Amino acid sequence: GDDRRTDFNPADRPTLLIDGVPATEVVEQIRLDGLINFQTQSGSLAIKRTWLVDRHRPVAIERLVVRNVGSRPIRVSLSSVKARVTDPAKGVDGAYTMEALPWRGEEATLKPRQSRELSIYYVAGPSKGAPVELPESPGAEEKGRRRQVRELDRLLDLRTPDPNVTRLFRFA
C-alpha cells in the first residue's frame, strides 16, 4: 500500500443527531444524476442528503434537508468533530489538514411538518496553506451544480441501440 495514504472514516464526519441521539437511517431511494442523492427515514424524520463537489473551490458538500413528518417536535443537530492533521513526514508538502465543518449544525427544534437545511463541508489541504473559502449557501451551490450538469448533458449527445449504454455514458 501507499505509505502516504490517510483514510477519512465515519468517525471523522459529523453525525446527524435526533433528540441528542445519532440517527439510524433507513434508505428509501438513491439517485445518481450528476449528484449523489439519498432519501432516508429515521423515525419521524424524513432526510434528503445530496452529495456534490463545489464548482469553484476544493470543497465537497453533503447537504441535508430534514423534515419532521411526525406529530411531535423533534430536536435536530450535527455533532462536531476535530480536524485531522496528517504526519508531515508522509506528505509531499508536509502536513495536511482534513476537516468536516458543519453548516447550520447547531441544535434546532422542528415542529411537525417543519423542515431545516443543514450541511457539512469537507475540506482538505496543506496545513500551512491559506484556509479554503467556504460557499455561503450549500443550496445555492447545489442549484449551480445542477445547472452545470444540465448544460453538460445538453452538450453530450450519444445515442446507442442499448439505453443502458447511453445512460452509462452520461455518468462517465
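Residues numbered from 1 in each chain as written. Predicted model: local features only at pLDDT ≥ 70, side-chain atom pairs only at ≥ 80, totals over all residues. Heavy atoms only, no water.

Caption draft 1: Region of the structure containing the overall build of the protein. Along the protein, the regular secondary structure elements total two helices and 11 strands. Principal-axis analysis of the C-alpha atoms places the extent of the protein at approximately 50 × 50 × 30 Å. Taken across its 172 residues, the protein has 33% of its residues classed as buried. (Helix = DSSP H or I, 4+ residues; strand = E, 2+ residues; numbered from the N terminus. Buried < 20%, exposed > 50% of the residue type's maximum accessible area, 1.4 Å probe, protein only.)

Caption draft 2: Fine view of the sheet that holds strand 10 (residues 108-110). Sheet architecture is open: four strands sit in the order 2-1-7-10, paired in antiparallel fashion. Strand pairing shows two members of the sheet lacking a second neighbour, strand 2 (21-22) and strand 10, which therefore form its edges. Note: strand 7 (residues 74-78) against strand 10, three bridges, orientation antiparallel. For Val76, the partnering residue across the bridge sits in strand 10 and is Ala108. (Pairing = 2+ DSSP bridges.)

Caption draft 3: Geometry of the pairing of strand 9 (residues 96-103). As defined by bridge partners, strand 8 (residues 84-85) adjoins strand 9 across two bridges and the pair is classed as antiparallel. Among the inter-strand pairings, Arg84 is bridged to a residue of strand 9, identified as Met98. Bridging between strand 9 and strand 11 (residues 115-126) involves eight bridges; their strand directions are antiparallel. Residue pairing for strand 11: Tyr96 is matched across the bridge by Pro126.

Caption draft 4: View of the confidence of the model for the protein. For the protein, the average pLDDT comes to 88, and 92% of its residues sit at 70 or higher. Per-element mean pLDDT across the protein ranges from 74 in helix 2 (residues 163-171) up to 97 in strand 10. (pLDDT = per-residue confidence, 0-100.)

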